Amino acid sequence: MVTTRLDPIDRKILSELQADGRMTNVELAKRVGISAPPCLRRVRTLEEAGYIRGYHAEVNARELGFEVQVFAMVGLESQAEVELSAFEEKCRGWPLVRECHMLNGEVDFILKCVSPDLSTFQSFLTGELLSTPNVASVKTSLVIRGAKDEPGVPFDVLEERLAKEA
């Protein structure tokens, strides 16, 4: 298990930064119970090892005029690796597509899209997504409201799992 390389302080650092990536190193060190210099070294090591991929602001899409959120379930004609990769690359170039996940099951991909309004999304759907080579079907679901949007991983579940393995 990969997490065995992380000690409890590393996991606490990750948990704290996941909850608040803007805190100062001094505050982080205080929260995890070590002094600031080794805390900063640990953060840099976690970044270099790929445990921390970046720091982001959580912006309010509605306040910025993006009123519409849609999940699009996409079926492809061919699931050959070259076709899957081509579709993923296409998704990376579409600004309205914020997330793209390949799935196992009835659909090949699910896309999380944001748009200022329905007509803009419809233009993207008909002018871009449906006209993409290898796209066989698209089913969309408009988000009415969100009940939960938690980033990252549940560190409490990880700690419980590690305690059972110890």
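Residues numbered from 1 in each chain as written. Predicted model: local features only at pLDDT ≥ 70, side-chain atom pairs only at ≥ 80, totals over all residues. Heavy atoms only, no water.

- As annotated in an unreviewed UniProt entry, the protein chain carries the name AsnC family transcriptional regulator and comes from Parasedimentitalea denitrificans.

1. Points about the UniProt feature "domain: HTH asnC-type" (unreviewed entry) in the protein chain
Okay, step 1: In the numbering used here, UniProt assigns the "domain: HTH asnC-type" (unreviewed entry) feature to residues 6-67.
Okay, step 2: Secondary structure over residues 6-67 splits into 53% helix and 0% strand, and the C-alpha atoms at its two ends are 41 Å apart. (UniProt positions renumbered as here; feature names shortened; annotations may be inferred. Helix = DSSP H or I, 4+ residues; strand = E, 2+ residues; numbered from the N terminus.)

2. A word on the pairing of strand E1 (residues 68-76)
Okay, step 1: A large share of E1 lies buried, amounting to seven of its nine residues.
Okay, step 2: As defined by bridge partners, E1 adjoins strand E3 (residues 109-115) across seven bridges and the pair is classed as antiparallel. Bridging across to E3, Val-74 finds its partner in Phe-109. (Buried < 20%, exposed > 50% of the residue type's maximum accessible area, 1.4 Å probe, protein only. Pairing = 2+ DSSP bridges.)

3. Focus on the pairing of strand E2 (residues 97-102)
Okay, step 1: As judged from the five bridges shared by E2 and E3, these two strands associate in the antiparallel manner. Considered in E3, the bridge of His-101 is made with Ile-110.
Okay, step 2: Two successive antiparallel strands, E2 and E3, enclose a turn made up of six residues, where Gly-105 displays a positive phi of approximately 135°.

4. Remarks on the packing of aromatic side chains
Here the distance between the centres and the angle between the planes together describe a pair of aromatic rings.
Okay, step 1: Inspection of the entire model under this criterion finds four aromatic pairs.
Okay, step 2: For the pair Phe-87 and Trp-94, a centre-to-centre distance of 6.2 Å together with 75° between the ring planes defines the contact as edge-to-face. Accessibility classification places Phe-87 together with Trp-94 in one group, the buried group.
Okay, step 3: Judged by centre distance (5.2 Å) and plane angle (80°), the ring pair of Trp-94 and Phe-124 falls under edge-to-face. Remark: Phe-124 occurs in helix H5 (residues 118-129) and Trp-94 occurs in the loop between helix H4 (81-92) and E2; sequence separation between them is 30 residues. With respect to class, Trp-94 is no different from Phe-124; both count as buried.
Okay, step 4: Members of the aromatic cluster, connected to one another through ring pairs, are Phe-87, Trp-94, Phe-109, Phe-121 and Phe-124. (Phe/Tyr/Trp six-rings, centres within 6.5 Å; stacked < 30°, edge-to-face > 60°.)

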